[in-house]
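Each chain, written out:
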Amino acid sequence: MTVTRPARLTGAALCAALALIAAVWILKDLAALGSPSDLAWYWAGDHHFLIRGRSTTSLTDPVLLAVSVATAVAALRSRHAASALAATGTVTLAVRLPGLWASDSGALVTALLELGLAAGLIVTAAVGRRPAAAYEPPPTRPRTGPAVAAGVLLAAGAVVLALWELYWATELPLEITVDRFIGGRSVIKAALAPPPGWLSLVLLSLYGTAAVSAFLRARHSRAFGLLAGAFLTLGGLAEVARTVRYELVGHLGDIPTAERLGVLTAFLGLLSGAAVLVLLAGRGAPATAPGPHPVAGMPPPAPPYPPPPGW
């Protein structure tokens, strides 16, 4: 299956709108905090700059911005962008859903806009598909070795994330545990940020789906795997930067066990995410085009010209 040109243009426009919304909020935060480095440290979890202003965005926003731009480019360049459109729409929909019950009016309006755009991406990916012509090469599957390796790393990331959520559920009071998933006064976060427990559930589902797809070498595994790898990499990078800033790496023996495991998890996430991106961004396995084989010495049939409507 491929995506029609009108659907690809529509998907690219929807992704551009998502990227624009994220960029506007990020620029607003830059004006409030006054320094790109301060905003970057805020995204990494260092909130010592709150005296100069509060950030509305979180680390999720630059990730969604980058993903939206990459998906828009993919939609313009490839007939096989349906999985990228669906993956971006699904994750955006899941991440922004808690904004519907946010107390901040800006977060509510942003959630409504982005939920509508994300739903449009999913519909566009589903409705805009068409059967591939005989002369069109099908989307390639990832090679077996890199796909299995990426699946193992993503499954490990899902397991580690689930274990951390179980740990916090046993360490924190019930009220705070519930607030971590649905939002509440006990959770201090940026206005646009999803509750931390909710985000963990979204990422757990994403990592698990991407891991299974990679093990099966499904044609959509690259889109979901690269998206999962982006979240895993940037989340790990933020944690590593924060641990280095507070000089925790050189004092592993002096900090509590939970913080020590947190430092190790940060490095594991960064390395695993970067490896997933490298493994799934490579060239896929050769695919045999569908349809009858050409007669020896005869070239394959040329595409129709002019192209039919919706091509």
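Residues numbered from 1 in each chain as written. Predicted model: local features only at pLDDT ≥ 70, side-chain atom pairs only at ≥ 80, totals over all residues. Heavy atoms only, no water.

Undergrad: Which residues make up the overall build of the protein, and what values go with them?
TA: Tallying secondary structure elements over the protein gives 10 helices and 2 strands in all. Going residue by residue from the N terminus, the α and β elements of the protein occur as β-α-α-α-α-α-β-α-α-α-α-α. For the protein, with 311 residues in total, the buried portion stands at 41%. Restricting to contacts in the protein with at least 6 residues of sequence separation, those with at least 24 account for 75%. Of the roughly 15800 Å² of accessible surface on the protein, 70% is carried by carbon and sulfur atoms. (Helix = DSSP H or I, 4+ residues; strand = E, 2+ residues; numbered from the N terminus. Buried < 20%, exposed > 50% of the residue type's maximum accessible area, 1.4 Å probe, protein only. Contact = heavy atoms within 4.5 Å. Areas by Shrake-Rupley, 256 points an atom, 1.4 Å probe, with all protein chains shown as cover.)

Undergrad: Can you explain the nonpolar core? Please cite residues and give values.
TA: One finds V91, L203, L206, Y207, L227 and F231 to be the most contacted residues of the largest nonpolar core, which totals 24 residues. Those elements that provide at least two residues to this core are helix 3 (60-77), helix 4 (82-96), helix 6 (144-171), helix 8 (196-216), helix 9 (221-245) and helix 10 (257-281). Sort the elements by how many residues they give to this core and helix 8 lands first, with 7 residues. Each residue touching L206, except ones within four places of it in the same chain, is listed here: V91, F224, L227, A228 and F231. One finds A12, W25, A75 and L192 within the second-largest nonpolar core, a separate group that totals 15 residues. (Core = buried A, V, L, I, M, F, W, Y, C linked by side-chain atoms within 4.5 Å.)

Undergrad: Let's hear about unusual backbone geometry: which residues, and what values?
TA: One non-glycine residue, R217, lies in positive phi territory at about 55 degrees. Overall, R217 belongs to the partly exposed group, its relative accessible area being 21%.

Undergrad: Quick one: what's the story with a nonpolar patch on the surface, residue by residue and with numbers?
TA: A grouping of L97, L100, W101, L112, L174, V178 and I182 is seen on the molecular surface, where their side chains present a nonpolar patch of about 650 Å² in accessible area. A per-element tally of the nonpolar patch places helix 7 (residues 174-182) first, with 3 residues. Summarising the element assignment, L174 is placed in helix 7. What makes L174 exposed here is its relative accessible area of 66%. (Patch = residues over 30% accessible without salt bridge, like charges linked within 9 Å, V, L, I, M, F, W, Y side chains within 5 Å. Salt bridge = Lys/Arg side-chain N within 4 Å of Asp/Glu carboxyl O.)

Undergrad: For the packing of helix 1 (residues 5-33) against helix 2 (residues 36-43), give the residues involved together with the corresponding values.
TA: Helix 2 packs onto helix 1 with a crossing angle of 110 degrees between their chain directions and a minimal axis gap of 8 Å. For the element pair helix 1 / helix 2, the angle class is roughly perpendicular. Along this stretch, helix 1 crosses helix 2, giving a crossing that reads as right-handed. Residues I26, D29, L30 and L33 of helix 1 lie in contact with helix 2, whose contacting residues are P36, D38, L39, Y42 and W43. A breakdown of the residues in the contact of helix 1 with helix 2 according to their chemical character gives 7 nonpolar, no polar and 2 charged. (Axes fitted to C-alpha atoms, helices over the stretch in contact; angles between N-to-C directions. Parallel < 35°, antiparallel > 145°, perpendicular 65-115°, else oblique. Left-handed = near helix turned anticlockwise from the far one by under 90°. Nonpolar A, V, L, I, M, F, W, Y, C, P; charged D, E, K, R; others polar.)

Undergrad: Before we move on, can you summarise the packing of aromatic side chains with the specific residues and values?
TA: The geometry of an aromatic ring pair is captured by the separation of the ring centres together with the interplanar angle, meaning the angle of the planes. A full pass over the atoms with the stated rule returns 4 aromatic pairs. For the ring pair W101 and W198, a centre distance of 5.8 Å and an interplane angle of 75 degrees mean the geometry is edge-to-face. With W101 in the loop between helix 4 and helix 5 (105-127) and W198 in helix 8, this residue pair connects regions lying 97 residues apart in the sequence. Of the residues examined, W101 reaches a relative accessible area of 44% and is grouped as partly exposed. With centroids separated by 5.6 Å and ring planes inclined at 90 degrees, the aromatic side chains of W164 and Y167 adopt a geometry described as edge-to-face. A residue pair is termed a helical-turn pair when its members lie 3 or 4 positions apart in one helix, as W164 and Y167 do in helix 6 at 3 residues. Classification of W164 as buried rests on a relative accessible area of 19%. Overall, Y167 belongs to the partly exposed group, its relative accessible area being 28%. In textbook terms, an aromatic cluster arises when at least three aromatic residues are bridged by ring pairs, as seen for W164, Y167 and W168. One cation-aromatic arrangement involves R245 over W41; the distance from NZ or CZ to the ring centre is 4.2 Å. (Phe/Tyr/Trp six-rings, centres within 6.5 Å; stacked < 30°, edge-to-face > 60°. Lys NZ or Arg CZ within 6 Å of the ring centre and 35° of its normal.)

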